[in-house]
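Residue-level structural notes
These are the residues of each chain, in order.
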Amino acid sequence: MHGEFEGHISLMGEGASRGISATTAFIPHHATKLYTPGLTYIEMLTYAARLRIGRNKGRKGFTDSDGDGAVKRRVERVLDLMGLSWCRDRVITERPASRGVRGGELRRLAIATGIIDLPPVIILDDPFEGLDPAVSLHLMRQLVHLSEQGHTVICTSPKPPVTVYSLAHNVVFIADGYSIFAGARDSVEHFFCSPMMEYTLNKNSTVVDFLFDIADGTERPEGQRRPLQPDVIQGLFESSPYWRGGVDTSCAYQPPSISILPDTYVPYYGYLSQSQDSSTSDGIGEILRKTNIVIERAFYVKFREREVLLRSLKTSVIFGLILGYFLWGLGADFDYTMNMLLIAYAEVMTVTSHLWIIVSAAFSQQIINVHILCQKIQMYRHENAVSCCPPIAFWFATLISEVPFALFFALLQSNIVYFMGELGVGYGNYFFFMSVIALTAIVGLTTAVMFATIIQRELVVRDLFIFCSFMMTVSSGYLFHYDSMEGSINKISLINFMRWAFEALMVWKYDKYGDGDEYLEIYSFQNFERNSVFQIMAIFIFVDVFLFFIGLHHRPNTLHRRVKKRSVLVSDQERASSISVEGDSTSSTHFSRNTDPVEPKIFLKQSSISSASSYKTSQPSTNMDGKGDTKGPTLSFSDLTFSVPDKRSPMGCRSILHPMSGRFDWGRLSVIMGSAGDGKSSLLYILAGEMRDSSSTHIKGSVMYDNSPISHTIPAWQRGGFVEAGDVHFRDLSVSEVVTFAMQLRSSGRMAKKAIAENVDRALELVQLQDFVGVKTKELSRGVLRRLSIAEEIVHGPSLVLIDEPITNLDQRETSIIVTGVLRELVNQDRTVVVTMHQPSAAVFEVVDTLLLLSRGRMIYMGRADMAASYFMNSRILGLSMQGYTNPADFLCDLSGCLLKNDKGVFVDTLTLASHYEQSHRDPVYSNALSPIVSLNNTMEEESESSESCGSASVGHVKRLSTGSEGSASSASSKLPVSCDVMPEDESMFRKVRTSMSDAYVVVSEWIVGVRNADPSRQIHCGRVILQRSWKVLYKRDKLVIGTTLTSVFFACVFGFMLGPSTNEADAVACMFGIGSMCILLSNLQFVFFMFNNHKVFLREHSRGLYSNLLHWLVSDTPVMVLRTVQSCLYGVIIHNWLHLKGGAAAGFYYLNNWIMSIVSTQLVETIVYILPDVRSAYRIVPAVGFLLFYFSGIMVKPSVLPEWLQPWLPSVSIIRWLTQALLINEYQYNREAFPEMGPYDYSTYDFTLSLYGWGGKTKWDCFYVLLINLAIYRIVYLMVSVYHTTFQKGRRSNRQEYNVVAAGDA
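Reference entry: report on the structure contained in this document. (Residues numbered from 1 in each chain as written. Predicted model: local features only at pLDDT ≥ 70, side-chain atom pairs only at ≥ 80, totals over all residues. Heavy atoms only, no water.)

1. Quick notes on the nonpolar core
Residues Phe-480, Phe-637, Phe-872 and Phe-1055 are the most contacted members of the largest nonpolar core, which totals 341 residues. For this core, the element with the most residues is helix α15 (residues 427-455), which contributes 15 residues. Ignoring any residue separated from it by four or fewer positions in sequence, one finds Phe-480 in contact with Val-474, Met-485, Phe-1055, Met-1058, Leu-1059, Ala-1068, Cys-1071, Met-1072 and Ile-1075. Within the second largest apolar cluster, 21 residues are counted, among which are Ile-180, Leu-211, Val-232 and Leu-236. (Core = buried A, V, L, I, M, F, W, Y, C linked by side-chain atoms within 4.5 Å. Buried < 20%, exposed > 50% of the residue type's maximum accessible area, 1.4 Å probe, protein only. Helix = DSSP H or I, 4+ residues; strand = E, 2+ residues; numbered from the N terminus. Contact = heavy atoms within 4.5 Å.)

Put into structure tokens, the structure is as follows:
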């Protein structure tokens, strides 16, 4: 955070100096990203304790003799304090989950790391985000315990649970930057309900909800029409007796007069004086001690990074074996390097290219570890901010821990190539070769660390490192010889260390041959002293290390005190005097605010059928008569189970959902609740048909809508709206554009634009997004994005709405809008609404009608939400009490997590709760609370006993399943088959037959059936919409369009500037054609994130049945391909005119091939992105694929030296080979000056060169046709991958990182 602040900050009665960080533990909001991969929880805490605890000398319990024992006791204590003792030995993976159970553990671990030395001041930024209610309550109790020991604990929270809020001592409530209350928690109600404020606290509302309603303007003082603005409330508060009058700096700090500190709690009375005396600097002894600890931790962590080390080892061995195999024995000593035509032999050219590759690989290998380096530096920034990790310690520890491993992998790879290729003989040759490679690896490591320290963003660091590697490789002297370059490029190349490394190896290898000097003269390397490379490389290493050290002293997140104060300041008395007693004028004199009254909305818990507020349906979602009936279906499920394969389980599978039956009725807000990992999301995905029975997901039972038989012929969007947990949208579209395109995809071409606009306006009004119509989605907050996802799914007016986690991690305002403004309104329109919630507040839980409570995959309650708590408390068997709970939802969440004790002091287990629920259906006492168990045998035989009263105001009775009698919700919708992936019992034989089929056959057959049953007119309409949206998305990604265009222009200018008019330098131009082809391919890296986002949107929309794979395949890539066409033309024009290439028909052929190469490479990269699971993998794989295609193009490895079994086909798979060959033939087929005829028989050097590169026997049009064939192959593979993801893996995705996250549940 950058900025300036005004005011005074005091610590313990004294002015806070820069040493405040040494006395304060600050745990930021992004605490889940503060971890060290490879360490266990206890190991990470142990190292943190050793760094932090020893910074105050002479403290009791931490002498040199027993310091280790005190650290161990402290770590054990803090682990128990945070509830992490049971998972103390869990290893932090390379990319741990940021949400769910693991995310909560990482947050608590970050808190434990910050408070390990028990500083006087502990500040936590939103510590309860993503935690269970029970874990949040446990954490709050421990923080209260720390405050009782004399610590000052400050927490921020957008909306704390009531149980957490009730434990706080003091409260500071901020609204729009104004402090509307700051004082004791017990005084909040007294102040706002005092005669000065005249607010009234509803007995059914909590104090937390009451405060947020005041801040939002929902609550108004008695007798006033307008709500008080936050600045006005602050003025009133500061003029009230509850205001303490600021900070008294005259009093001196007094240690807490308590004597209950445990032995492991160390007094900190010397904290303040020592920190202010020494400021932020430590003594030499303390720095050496911390350096020793940081070095020890760095080496230990490096050995524990098994994933990274194994990946680096595999890369080094595989890459070394590939190079060594194709270089097998070619480096042995030979007499001459060139033939009689003064052209180097194929073996010599291959050895030269491999020397260049080895140098490039030794430098570029750090691209694998960029994310780990960025993570370590981020952790260092946090530790340095609290003055426990000096820059010199991290600088030295990073170098001595990373350098040995970088050397090992680089030398391992080089040794494989050296001995397999027989590059040298003797110890002297071996030592020189390995020394150059070792220095190159060190330069690569220090460069990567320097970039990561200065830039601090992983993707930017990765892109910059790749760019620098590419530019240094191109200008190293191999591809473009220095005598063919412009003079200024020769001078610039002096600062390219890769040029010196490659030059040293070339001189080392070829200066001993008879014509070695002539061969080195081609590269301008003949006068170089090879031993001088060590001094040159040492200079580059020193510069990188120095910049790395300087970058560690930069603190990016700092606030500075403002020197100049504002010219106009309004005193508290003036501000208070500007407040009108009547409440008619609520604006202050120094702050302009909108004082328009907020129109309250009345939301009925009971449903009120109103056709006036219903949507115009584009295509009937529950009926076929087009009347737009919004009455939803009854969603029932019977004997439903869900399990996933698990080799560790004795049964071979792990049960996620145990047999359960139930139903959800229309006109009611139905909620699925449970703790993390209970299967809430899994159940909702099964009910929505998003997860299907397959070899990897075993689903049994029945799911029906209004007793309808199950079919796959109706698209999912017509059955209802389903909102997934992840918000996936096109980042650069505005809110109105996202909803408009969603409505157009759900409509037919015959639907009027006015009707579409009306639906869009109604949806935006319902979710209260009118003020965000023109805002891009990437600029929206989490709550607004959630509302946008809901609007996108309800814009066509579905009668069934299912939402996964609609209010998780949202503040009070967003929660209120979604629950009362969206969900309740949908229920009032008699729709069937089913949502999952993790931790609803008391106000939210009050508007819930039907509750399904899960506990570890078992149903322990389903019935009326208002009677759920009494159902458990009134049971004599369970013996539970709600004492200490004000929110029934917190009580139920703790109960589902088996965290409550009965009257005998024993924790209630899941099996007891589930068996009690099954037995309760036989007891008439619970008939009003529980929903009847839905059985598969009687589901089709039940009839409706009440027609219109089933879903209306009678909340106390449960609507029975109907068969379509008059007045029921299934009058028309029951005739519709429902596309659900759960097979009924009468189709069990078909299920057995289907599971016996091969997976590939299922994929192809279902895709063919989907294409065959598609409506042609609707597909044409959707194709038009997709094309229009794709154009708009690309047009609004102006940075991407400009960036990729400038990249193409930049590469063209670089090549043109390096070569100039070099039409007679055939070798240089041929290399330029090849390296330019690779640049065209690698420039698609800028589209990787764009393609990945488009793919996620496509998967979500395809799961809703909006359009087919074939339609997406045909039209979605058109704008990108047009952009790549324009960029290829710009690139071709610059290169063609700068190098003075041939004109006329040859120029047309040149532009045509550049265009085809752009399209083929873009399609190849897009296919790779769709295959890989994440963006990081694509950033690693795409450059590797580009290198392999260039490696086998004939420029690097000559086909004549390849093994016989690879010669016929391996060069043919390289699209770079075919483009380079076509362009070279097009340019030099009749150019006698570049390829003169030599010898008495007029031997053509042109034919010899083509034969040397393996490009003979083909015309330029043959090469062009091969490129077209490659384009067709990539397009077909892309379509097959798309079909595989959408058909075979349906249900395994849902915008989650891994499938096991779906199975485990989400927090």
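2. Concerning a nonpolar patch on the surface
Together, Ile-454, Ile-539, Phe-542, Val-543, Phe-546, Leu-547 and Ile-550 give the surface a local cluster of nonpolar side chains, amounting to about 670 Å² of exposed area. According to the relative accessible area criterion, Ile-539 is exposed, its value standing at 56%. (Patch = residues over 30% accessible without salt bridge, like charges linked within 9 Å, V, L, I, M, F, W, Y side chains within 5 Å. Areas by Shrake-Rupley, 256 points an atom, 1.4 Å probe, with all protein chains shown as cover. Salt bridge = Lys/Arg side-chain N within 4 Å of Asp/Glu carboxyl O.)

3. Structural notes on the pattern of salt bridges
If you walk through the whole model with that rule in mind, you get 28 salt bridges. Linking Glu-76 and Arg-88 is a salt bridge whose minimum nitrogen-to-oxygen distance equals 2.6 Å. Here Glu-76 is found in helix α2 (residues 67-81), whereas its partner Arg-88 is found in the loop between α2 and α3 (100-114), with 12 residues between them in sequence. On the accessibility criterion, Arg-88 (26% relative accessible area) is partly exposed. If you follow the salt bridges from partner to partner, you end up with Lys-302, Glu-305, Lys-376 and Glu-402 in one network.

4. Considering the environment of Val-1126
On the secondary structure map, Val-1126 appears in helix α39 (residues 1118-1138). When the C-alpha positions of Val-1126 and Thr-1045 are compared, they lie 8.5 Å apart, and in sequence the two are 81 residues distant.

5. Looking at the sheet that holds strand β4 (residues 24-27)
Judged by pairing direction, the sheet is parallel, and its 3 strands sit side by side in the order β4-β5-β6 without closing on themselves. Edge strands, defined here as strands with exactly one partner in the open sheet, are β4 and β6 (152-156). On average, each strand axis in the sheet is inclined to that of its neighbour by 10 degrees, with strand direction left out of account. Pairing of β4 with strand β5 (residues 121-125) involves 4 bridges; the strand directions are parallel. From the neighbouring strand, Ile-27 faces β5, where its bridge partner is Leu-124. (Pairing = 2+ DSSP bridges. Axes fitted to C-alpha atoms, helices over the stretch in contact; angles between N-to-C directions.)

6. Examining the packing of aromatic side chains
For the structure on display, the rule yields 60 aromatic pairs. Measuring from centroid to centroid gives 5.4 Å for Tyr-325 and Phe-326, while their planes differ by 75 degrees, and the two rings are edge-to-face. We classify Tyr-325 as partly exposed; its relative accessible area is 36%. Overall, Phe-326 belongs to the buried group, its relative accessible area being 7%. On the basis of an interplanar angle of 35 degrees and a centroid distance of 6.0 Å, the ring pair of Phe-637 and Phe-664 is categorised as tilted. Taken together, the residues Phe-637 in strand β10 (residues 635-645) and Phe-664 in strand β11 (residues 653-664) connect sequence positions 27 residues apart. Members of the aromatic cluster, joined through ring pairs, are Trp-356, Tyr-478, Phe-502, Tyr-510, Tyr-513, Tyr-519, Tyr-523 and Phe-525. Here Arg-499 stacks its cationic end above the ring of Trp-500, 4.5 Å away from the centre of that ring. (Phe/Tyr/Trp six-rings, centres within 6.5 Å; stacked < 30°, edge-to-face > 60°. Lys NZ or Arg CZ within 6 Å of the ring centre and 35° of its normal.)

7. Some points on a negative patch on the surface
Taken together, the side chains of Asp-483, Asp-511, Asp-517, Glu-518, Glu-521, Glu-1065 and Asp-1067 present a region of like negative charge at the surface. The element contributing the most residues to the negative patch is helix α19 (residues 516-522), with 3 residues. By secondary structure assignment, the location of Glu-521 is in helix α19. Classification of Glu-521 by relative accessible area gives partly exposed; the value is 47%. (Lys, Arg positive; Asp, Glu negative; His and termini not counted. Charge placed at Lys NZ, Arg CZ, Asp CG, Glu CD.)

8. A short note on the pairing of strand β8 (residues 178-184)
Both strand β7 (residues 170-175) and β8 contribute to a ladder of 6 bridges, which runs antiparallel. The residue of β8 that forms the bridge with Asn-170 is Ala-184. Here β7 folds back onto β8, and the loop between the two strands holds 2 residues, one of which, Asp-176, carries a positive phi near 55 degrees.

9. Points about the packing of helix α37 (residues 1088-1103) against helix α41 (residues 1175-1191)
The N-to-C vectors of α37 and α41 enclose an angle of 135 degrees; their axes lie 10 Å apart at closest approach. Between α37 and α41, the crossing angle belongs to the class labelled oblique. Classified by chirality, the crossing of α41 by α37 is right-handed. When α37 is examined against α41, the residues Val-1088, Phe-1089 and Phe-1092 are found in contact with a partner set consisting of Val-1175, Ala-1178 and Tyr-1179. For the contact of α37 with α41, the per-class residue count stands at 6 nonpolar, no polar and no charged. (Parallel < 35°, antiparallel > 145°, perpendicular 65-115°, else oblique. Left-handed = near helix turned anticlockwise from the far one by under 90°. Nonpolar A, V, L, I, M, F, W, Y, C, P; charged D, E, K, R; others polar.)

10. Structural notes on unusual backbone geometry
The phi torsion at Asp-126 lies on the positive side, around 50 degrees, for a residue other than glycine. For Asp-126, the position within the fold is in the loop between β5 and α4 (133-148). When its relative accessible area of 9% is taken as the criterion, Asp-126 is described as buried. At Gln-768, a position not held by glycine, the phi torsion is positive, near 60 degrees. Note on placement: Gln-768 falls in the loop between α25 (753-766) and α26 (782-794).

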